[in-house]
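# Fold and geometry: a report
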Amino acid sequence: MKEKKGRSLPTALALSLLLTPTGAVAQEAVVADSGDTAWMIMASALVLFMTIPGLSLFYAGLVRKKNVLSIFVQCFAITCMMTILWVLYGYSIAFDTTGMAEGVFNARSLFGGLGMAFLSGVDVNSLSGTIPETVFLIFQMTFAIITPALMVGAFAERMKFSAVMIFAALWFTFSYLPICHMAWAGSGALFHNWGVLDFAGGTVVHINAGIAALIACILVGKRSGHGSTAMLPHNVPFTLIGTGMLWVGWFGFNAGSELAADGTAGMAMLVTQISTAMGALSWMAVEWLRSGKPTAVGIATGAVAGLVAITPASGTAGPMGALLIGSLSGTFCYFTATSMKRALGYDDSLDVFGVHGVGGIVGALMTGLCAASFMGGAGISAASVGGQVWAQLKSVMVTIAWSGIVSLVSLKLIDAAIGLRATEDEEVQGLDLSHHDEAGYRL
Amino acid sequence: MKEKKGRSLPTALALSLLLTPTGAVAQEAVVADSGDTAWMIMASALVLFMTIPGLSLFYAGLVRKKNVLSIFVQCFAITCMMTILWVLYGYSIAFDTTGMAEGVFNARSLFGGLGMAFLSGVDVNSLSGTIPETVFLIFQMTFAIITPALMVGAFAERMKFSAVMIFAALWFTFSYLPICHMAWAGSGALFHNWGVLDFAGGTVVHINAGIAALIACILVGKRSGHGSTAMLPHNVPFTLIGTGMLWVGWFGFNAGSELAADGTAGMAMLVTQISTAMGALSWMAVEWLRSGKPTAVGIATGAVAGLVAITPASGTAGPMGALLIGSLSGTFCYFTATSMKRALGYDDSLDVFGVHGVGGIVGALMTGLCAASFMGGAGISAASVGGQVWAQLKSVMVTIAWSGIVSLVSLKLIDAAIGLRATEDEEVQGLDLSHHDEAGYRL
Amino acid sequence: MKEKKGRSLPTALALSLLLTPTGAVAQEAVVADSGDTAWMIMASALVLFMTIPGLSLFYAGLVRKKNVLSIFVQCFAITCMMTILWVLYGYSIAFDTTGMAEGVFNARSLFGGLGMAFLSGVDVNSLSGTIPETVFLIFQMTFAIITPALMVGAFAERMKFSAVMIFAALWFTFSYLPICHMAWAGSGALFHNWGVLDFAGGTVVHINAGIAALIACILVGKRSGHGSTAMLPHNVPFTLIGTGMLWVGWFGFNAGSELAADGTAGMAMLVTQISTAMGALSWMAVEWLRSGKPTAVGIATGAVAGLVAITPASGTAGPMGALLIGSLSGTFCYFTATSMKRALGYDDSLDVFGVHGVGGIVGALMTGLCAASFMGGAGISAASVGGQVWAQLKSVMVTIAWSGIVSLVSLKLIDAAIGLRATEDEEVQGLDLSHHDEAGYRL
Amino acid sequence: MKMVTAVIKHFRLDEVRKALTAIGIQGMTVVEVKGFGRQKGHLEVYRGVEYEVQFLPKIKIEAAVPDDRLDEVLTAIQDSARTGEIGDGKIFIYPLEDVVRIRTGERGEAAL
Amino acid sequence: MKMVTAVIKHFRLDEVRKALTAIGIQGMTVVEVKGFGRQKGHLEVYRGVEYEVQFLPKIKIEAAVPDDRLDEVLTAIQDSARTGEIGDGKIFIYPLEDVVRIRTGERGEAAL
Amino acid sequence: MKMVTAVIKHFRLDEVRKALTAIGIQGMTVVEVKGFGRQKGHLEVYRGVEYEVQFLPKIKIEAAVPDDRLDEVLTAIQDSARTGEIGDGKIFIYPLEDVVRIRTGERGEAAL
Ligand SMILES: Nc1ncnc2c1ncn2[C@@H]1O[C@H](COP(=O)(O)OP(=O)(O)O)[C@@H](O)[C@H]1O
Ligand SMILES: Nc1ncnc2c1ncn2[C@@H]1O[C@H](COP(=O)(O)OP(=O)(O)O)[C@@H](O)[C@H]1O
Ligand SMILES: Nc1ncnc2c1ncn2[C@@H]1O[C@H](COP(=O)(O)OP(=O)(O)O)[C@@H](O)[C@H]1O
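Here the structure is a predicted model, which is why all the values come from computation and not from measurement. (Residues numbered from 1 in each chain as written. Chains lettered and ligands numbered in written order. Predicted model: local features only at pLDDT ≥ 70, side-chain atom pairs only at ≥ 80, totals over all residues. Heavy atoms only, no water.)

Let's shift gears to the packing of aromatic side chains. Counted by the stated rule, this structure contains 67 aromatic pairs over all chains. Their ring planes at 90° and their centres at 5.3 Å tell us that W283(B) and Y334(B) sit as a pair that is edge-to-face. One end of the pair, W283(B), is in helix α9 (residues 263–291); the other, Y334(B), is in helix α11 (residues 319–344), with 51 residues separating them in the sequence. Given the relative accessible area of 1%, W283(B) is considered buried. The class for Y334(B) is buried, based on a relative accessible area of 5%. Taking NZ or CZ as reference, K394(A) lies 4.4 Å from the ring centre of W194(A), over its face. (Phe/Tyr/Trp six-rings, centres within 6.5 Å; stacked < 30°, edge-to-face > 60°. Helix = DSSP H or I, 4+ residues; strand = E, 2+ residues; numbered from the N terminus. Buried < 20%, exposed > 50% of the residue type's maximum accessible area, 1.4 Å probe, protein only. Lys NZ or Arg CZ within 6 Å of the ring centre and 35° of its normal.)

Rendered as structure tokens:
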């Protein structure tokens, strides 16, 4: 009964290339496949590992010493809260397909119902494709965990802990879940109907979080001392360890999005590796040329830019496309995080918008191009590239608008209710002591 | 010939629910399953990763700077020593089933023979259920590694390195191996005969180590300066990285205990995630209420409390049970590690008893309740819950008594022979320099 | 069409023991196996994890604070560059088998052609044995990444970043790829023809990198202050975290080299664990006896020595052989890294030659002995042990000579072109600031 | 000349630096120290274990000043470092015999 | 007033602090330093490479005391810091012109 | 006796130590400090955000010397610490009333 959710290819592509085999598999797949299950358990573990400790380390290293624990606490607390919200209603709103039909647009194209709230109907024997449904829902849970955690970097070092948690809960409910549903709930979902390609979360994860991050860092305001005091990373090795963990964990993210251990998963892994390498090398090259020295934080950020941009394309691009996507993303994100941020003057502490927002947009659009056969992609024809890119663009615009509005409204409400920011004194003292009564180090 | 060892369900449950399929599987399983094998190789890697570097980091961050390396050395040296002892005789004493018969109590209900010492009889082709026996024995080895390593936190910062090693060896031989055998050696083993549910090691690992830790920290005595000098964590980020690694690694521990990549593994993973989140959130909530600020070490410890408590229940509890177990464990462990420890005045440096002992007991008992169908569990009837909880309680009592006595006797012997403690001077200087001739950092 | 590349057993052994099953498997294996694929995806992730962040951390902890980022940047940049070079031509030169025939020696016995350059011919459906070819080529890519990264430790703290990168590229092309081809390209390849056993890279990875490291550290020259100023590790916990990651990741390296999730993979994992434990324990024991105190860096280095030495033997040795190999390697490497290095006076900063070179040689030779049935190995007869050891020795000599010459010539060329070393001032200031414009910490 | 040394609270450093710069003090040297004073002795509890906080993190600022600027400097430090709570710190005034600017070899007040 | 500055061995800090508190010294400031003295020059070997240990970690304690308490203070420090081995450290006595308590503005001995 | 205190650039420590040892100075104490001086005020940009570099890492060396060695010591420090660029640092000379060697109780110049 349950169909293999989550990663349906757009209709056109599916019909021309993949419908028959997929259909065949779907019908045979009344039993679980232990190999696919083994891989998906590990893929889920990898994606969780990306947040704790991967992303936590990446961000924690970049803040000042006095705020290192606030990053960790925020990432961990978001992990816990999302786990529970996902079980209570998140999975249902994202993946309940009741009332949806191929090509039909209705309310259910935007969010699922509550029929699977409290995981009702899920037991030890339920399957989702060739894997236990529990594994599918944990895999998806890890995406729902990392996405709000990504935003933490934008308002780091100044936002009140309670406000962070409430914002994460509201945004998860009203932006993450709908966009996730639109992209991955299959027949009848908005992006699916449009034929959008988003294999592992360009819109759902990166653009979604990147835009929220931008809005949040603007509304919360700049860190005190921004523009005059140095706010340099306190522990760059942490950031590099985090980068390594994100990189390796991302194989779970991208290759895991195939929901099976097969050739597509292998290809997703390969293009991920290539794009990441190119992202890092291109950032390094530009930085070397522009400022004379390649920095460690630069190569790390470039790698993340490459990872972000290949995400939506990882199921359809080939190696050549990956080279292109990685290079573009490294270069674009470099300029966003330096020149553009400087020109516009917002204080996106750890460049969440600059890397996830911009990298996500670059990736989402390039996904359309790189799926083309002449780019070595999974196979849309040269003639349909234009239409595909247009579909991609529409999904990008919807995500930007949706996430932007949800973020704006949520933050305004929270601000009115309890305030968004730590007090000036708390900020100067550091969030670790003022909010968490602990110092990071006694060295 | 070899039956699927390790995780046999209690007779009653097995008979009513699982005997037929398990029997059937056991008979078919003359060939290895590559998916199950893939998962179990990774599960073993994950559990090893929990100790090195996971647990090492978790503990190392919590001690003072001058003892950071002593924690690492102890964890690494225990890892190495247990590897060798497991190969020499551990695997055999734990899992040799010669002389055992369903329902019969004899010496072999308490510990196995030496028939498989030196891994005799194990080769490239031996199977254990659907996986190579080598993989089964490595998976079990990783449990035998982490359990003594857990104790290190209790007597941290003061116990002599040589005494730690001898204690670990004695306790492993006389307490870990027998309890492991009683719980997991299948038909004829004590806990198996009683129908005890211990999916992944509530008694074998956590209560077992927790009690030994309590006895050891009392016998070794308090750290000098305890109660007057601050003994604050020197590197909280390390503790949080370690927490992330323990969390992710624990999927290997719990879901791996199914020994297969199937629906039960998936459910074990799900309940582990839920309980951990609830453990962390409940500790955070209680701390926030009681002392005004949620700490980073608090959320980390709460997560571990949730992980510990779900361990025995992970094969039989459902999501609802996991919510309950996690919340109870977080709350109980919070009070043990703060108020109760203070009232009783023992110096369990890193709260090994408070988290593993208490969390393990909470988990072992709740396993009985949460296996019930009305709790969404794997399926014992409401009527048999009382009996199941009683069986659980008996196993808890046996483990407490057994591990307590073995620990007491071993430590007294070691104390008489070579002394348990570093000298006062060595302790003041720090174990890193005095025992290992190295400083942790030159920053 | 594609045969299962990479880990072909020597002819003699294959004929007597494994040809039939392997052949049979090879013929059936027209479809991918999801379990094998799941395992190999994870194995590849594990080996990448060994480099970033594993090895980076291991090395970064050992240098002085002012050079910590230079290690990370070098490891990350090498990772990126090797990824791209592997895709462009590396995979082809290593694994293109055109023109090769069993037992025939020709140019193609030394390096493959360019027929698969740009991954031409690889698509989503190509298989390599029972796994997608993409997965096979990523797995092999991770080996091509870590090998040059290993060398970084030898010339750490003084070599110019640009020179490091050029050297890595040249050495990869002219030494890594040919030796990899000779060992693993199957019928017709030099080492294959000789019947050399190198399951996971004793020659290809460790001796190859170890010799290059030795040559490089001699040509680059000693660090300024060598022999008078203390150059102690700045962050030993990092080194121990790195060790844990290397250890766990090495299961991907060794057990992954089976390219399947089966009994041989399980046995490879077991012997890896045993040898590592013995390497660490033997180093610890010797150090404890010789200098009175077992150090943390010592136990970590001993573990790596054990890992290195079991690598070539991991597919053919049994547990008894592993005990032997680990102990020998820990002991030999201890003396190389201390007494011998002191006597000869070269400045191998982090003992790359002492551990990888010497451990690799010990392992490669002992592989011959430990494959014997009487050692519990995979099964060569007592009579053929001599011949096997001789084959091993020949492969060791070829690797030493080849890598030595390539390294010498490459470094001389680079020196002439752009110079190998940072200036004295840059070195004193530290490579982090002088080359990467960043400080590691602000604590 | 005098060497004015002030032990102050951590988060007051920026204020003090600004106050000194404002009255034209060109240089100072700062070091992290641990202070033991009246602000001592409060008990804290960590994980159920009590301890006495003995040393508190403080910042020590050293500024060499010409004799005639001394009072001004003292006032500037006092005003900018004071929070009114115990532990605000102390200023120590040392006689200074001479100062040398390494780069130029200038001495005395000219070197400040 | 005098500023008594003692460079001592790390693990003697607690003893010295207790000894000073015992004779009624209310305040002191502590900083981690590296010392170079007679206790220098021993060769060590790390991983087969020799090096000379030049700087040893030490603790510097600064305590401002009234002139009439000086001898008492010196004795207390000497007694509590001495191990009898080379490297026990030194005490330096500086003249102190004035002290200001920032919180209250008190000066001189009243500010100690 | 005098206490000679020099604030110098980080990477000159080794030179200065050697220069002092060469002229027979037996001991010194070193501490890491942050300096604020003329070498201040340059703007840097990090990730598109400007900031002013205020404090620079410096090394402070303290060496107690007999009065008659003072000039020699000053010259040695100046020569070894100078790079000729701004930020080379300063030397402060304090009067020192007395010195005690803790181990032996020796005082005055004998204790140096
Ligand atoms: N006699 C002293 N000698 C040196 N430093 C002192 C002395 N007394 C106080 N201090 C320093 O001044 C700091 C503040 O002193 P304290 O007595 O706590 O507060 P207050 O000066 O506001 O009464 C202390 O932490 C210590 O570093
Ligand atoms: N002339 C000096 N000036 C400043 N500090 C000194 C001087 N001589 C010694 N010290 C400090 O005192 C410490 C102990 O001195 P040392 O000569 O090693 O031992 P002892 O005083 O016991 O003979 C040194 O490590 C150094 O920090
Ligand atoms: N008046 C002062 N009091 C204390 N320290 C000072 C003073 N002036 C300068 N310094 C210290 O000397 C260092 C070098 O001084 P600076 O003015 O930058 O260079 P230069 O002495 O070469 O002109 C400063 O970083 C600071 O630590």
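Using the criterion set out here, one finds 54 salt bridges over all chains in the structure. Among the salt bridges present, the one from R223(B) reaches E157(B), with a minimum N-O distance of 2.5 Å. One end of the pair, R223(B), is in the loop between α7 (202–220) and α8 (236–254); the other, E157(B), is in the loop between α4 (133–151) and α5 (161–184), with 66 residues separating them in the sequence. In terms of burial, R223(B) and E157(B) fall into one category: buried. Where D98(E) meets R107(E), a salt bridge forms, and the shortest distance between an N and an O atom there is 3.0 Å. Salt bridges linked by common partners bring K60(D), E62(D), K60(E), E62(E), K60(F) and E62(F) together as one network. (Salt bridge = Lys/Arg side-chain N within 4 Å of Asp/Glu carboxyl O.)

With that settled, the discussion passes to the arrangement of the chains. When C-alpha atoms are compared, chain C and chain D, though not in contact, are closest at a spacing of 12 Å. You won't find any contact between chain A and chain E; their C-alpha atoms come no closer than 12 Å. (Contact = heavy atoms within 4.5 Å.)

Next up on the list: the site of ligand 3. Inspection of the region around ligand 3 gives 22 residues, with T29(D), A64(D), R103(D), R38(F) and G87(F) positioned closest. The site occupied by ligand 3 is bordered by residues of chains D and F. A distance of 3.5 Å is found between an oxygen atom of ligand 3 and a backbone nitrogen or oxygen belonging to M28(D). R103(D) is positioned with one of its side-chain polar atoms (N or O) 3.0 Å from an oxygen atom of ligand 3. Protein burial of ligand 3: of its 550 Å² of free accessible surface, 98% is covered by the chains. Of all the elements in the fold, those that place two or more residues in the shell around ligand 3 are β2 (28–36) and β5 (56–65) of chain D together with β2 (28–36) and β6 (90–95) of chain F. Sorting elements by how many residues they give to the shell around ligand 3 places β5(D) first, with 3 residues. When the residues that make up the shell around ligand 3 are grouped by side-chain class, the tally is 8 nonpolar, 7 polar and 7 charged. (Near = heavy atom within 4 Å. Polar contact = N/O pair within 3.5 Å; in protein donor to acceptor, adjacent residues only side chain to side chain. Areas by Shrake-Rupley, 256 points an atom, 1.4 Å probe, with all protein chains shown as cover. Nonpolar A, V, L, I, M, F, W, Y, C, P; charged D, E, K, R; others polar.)

Now for the site of ligand 2. Among the 22 residues in the neighbourhood of ligand 2, the closest are listed as R38(E), G87(E), T29(F), A64(F) and R103(F). One nitrogen or oxygen atom from the main chain of M28(F) is found 3.4 Å from an oxygen atom belonging to ligand 2. Contact distances for ligand 2 include 3.2 Å between an oxygen atom and a side-chain N or O atom of R101(F). If ligand 2 stood free it would expose 550 Å²; the protein chains cover 98% of that surface. Contributions of two or more residues to the shell around ligand 2 are made by β2 (28–36) and β6 (90–95) of chain E together with β2 and β5 (56–65) of chain F. With 3 residues, β5(F) is the largest single contributor of residues to the shell around ligand 2. For the shell around ligand 2, the residue count by class is 8 nonpolar, 7 polar and 7 charged.

Before going further, it helps to examine the interface of chain A and chain C. With 51 residues of chain A at the contact, the number on the chain C side is 50 residues. Each partner contributes to the roughly 4,000 Å² buried at the junction of chain A and chain C, and carbon and sulfur atoms together form 82% of this total. Viewed at the interface, chain C and chain A are joined by 0 salt bridges. In this structure, the connection of chain A to chain C is made through 9 residue pairs in polar contact (both at pLDDT 80 or more). Sorting the residues of the side of chain A that touches chain C by element identifies α2 (34–62), α8 (236–256), α9 (263–291), α10 (296–310) and α11 (319–344) of chain A as the ones contributing at least two each. For the side of chain A that touches chain C, the element with the most residues is α9(A), which contributes 15 residues. (Buried area = accessible area lost by both parts, 1.4 Å probe.)

A separate point is a nonpolar patch on the surface. All names here are of chain A. Together, I405, L408, V409 and L413 line one region of the surface with nonpolar side chains, adding up to about 370 Å² of accessible area. Turning to its location among the elements, I405 is positioned in helix α13 (residues 385–417). By relative accessible area, which is 55% here, I405 ends up exposed. (Patch = residues over 30% accessible without salt bridge, like charges linked within 9 Å, V, L, I, M, F, W, Y side chains within 5 Å.)

A few words now on the packing of helix α10 (residues 296–310) of chain B against helix α12 (residues 352–370) of chain B. Residues and elements named next belong to chain B. Interhelical geometry of α10 versus α12 gives an angle of 45° and a closest axis separation of 7 Å. As the angle between them shows, α10 and α12 are arranged oblique. Classified by chirality, the crossing of α12 by α10 is right-handed. Across from T301, V304, A305, V308 and A309 in α10, the residues of α12 making contact are V355, H356, G359, G360 and G363. Split into classes, the residues belonging to the contact of α10 with α12 amount to 5 nonpolar, 5 polar and no charged. (Axes fitted to C-alpha atoms, helices over the stretch in contact; angles between N-to-C directions. Parallel < 35°, antiparallel > 145°, perpendicular 65-115°, else oblique. Left-handed = near helix turned anticlockwise from the far one by under 90°.)

Looking now at unusual backbone geometry. The phi angle of most residues is negative, glycine excepted, and most peptide bonds adopt the trans form. Residues and elements named next belong to chain A. In this chain, I52 is followed by P53 through a cis amide linkage whose omega measures 5°. Looking at the secondary structure, you find P53 in helix α2. Backbone geometry places E157, a non-glycine residue, at a positive phi of 80°. Given the relative accessible area of 2%, E157 is considered buried. A positive phi angle, near 60°, is found at L259, a position not held by glycine. Along the chain, the position of L259 falls in the loop between α8 and α9.

We now examine the relation of the copies chain A and chain C. For these two chains of identical sequence, chain A goes onto chain C by a turn of 120° and a shift of 0.0 Å along the axis, with RMSD 0.0 Å. Accordingly, the operation relating the two chain copies is best matched by a three-fold axis. Of the C-alpha atoms belonging to chain A, the one lying closest to the rotation axis is found on G35(A), 2.1 Å away. A distinct binding surface is used by each copy, with only 16% of the interface residues of chain A retained as interface residues in chain C. (Least-squares fit on C-alpha atoms with pLDDT ≥ 70 in both.)

Turning our eyes to something else, we now look at the state of the cysteines. Inspection of every chain in the model, using the stated rule, returns 0 disulfides over all chains. With no disulfide partner, C333(B) has as its closest neighbouring cysteine sulfur the one in C80(A), 15 Å distant. (Disulfide = S-S within 2.5 Å.)

With that settled, the discussion passes to the pairing of β2(F). On a regular strand, each side chain points to the face opposite its neighbour's, so the side chains alternate between the two faces of the sheet. Burial within β2(F) is extensive, with 7 of its 9 residues counted as buried. Sheet analysis places β2(D) next to β2(F), joined by 3 bridges and oriented antiparallel. If you follow M28(D) over to β2(F), its bridge partner there is F36(F). Looking at chain direction, β2(F) and β5(F) are connected through 7 bridges and run antiparallel. Residue pairing for β5(F): V30(F) is matched across the bridge by I61(F). (Pairing = 2+ DSSP bridges.)

On average, residues of chain D score 91 in pLDDT, and 97% of them reach the 70 mark or higher. Overall fold confidence for the complex sits at a pTM of 0.94, while the interface term, ipTM, reaches 0.94. (pLDDT = per-residue confidence, 0-100.)

The topology assignment puts S92(B) in helix α3 (residues 68–95). The residues touching S92(B), leaving out its near neighbours within four places in the chain, are G112(B), G113(B), L114(B), G115(B), M116(B) and A117(B).

Residue and element names in this part refer to chain A. Structurally, W86 is set in helix α3 (residues 68–95). Along the primary structure W86 and A230 are separated by 144 residues, whereas in three dimensions their C-alpha atoms are 39 Å apart. Apart from residues lying up to four places away in sequence, W86 is in contact with Y91, A94, F95, L137, Q140, M141, A144, F172, Y176 and L177. In terms of polar contacts, W86 uses its side chain to reach the backbone carbonyl oxygen of L137, at 3.0 Å.

What follows concerns the nonpolar core. Counting residues in each nonpolar core, the largest one holds 487 residues, and the members touching the most others are W39(A), W39(B) and W39(C). W39(A) has contacts with L46(A), F251(A), G252(A), A255(A), G256(A), A260(A), A261(A), A265(A), A38(C), I41(C) and M42(C), leaving out every residue within four places of it along the chain. Residues V7(D), F92(D), M3(E) and L96(F) belong to the second largest nonpolar core, which totals 34 residues. (Core = buried A, V, L, I, M, F, W, Y, C linked by side-chain atoms within 4.5 Å.)

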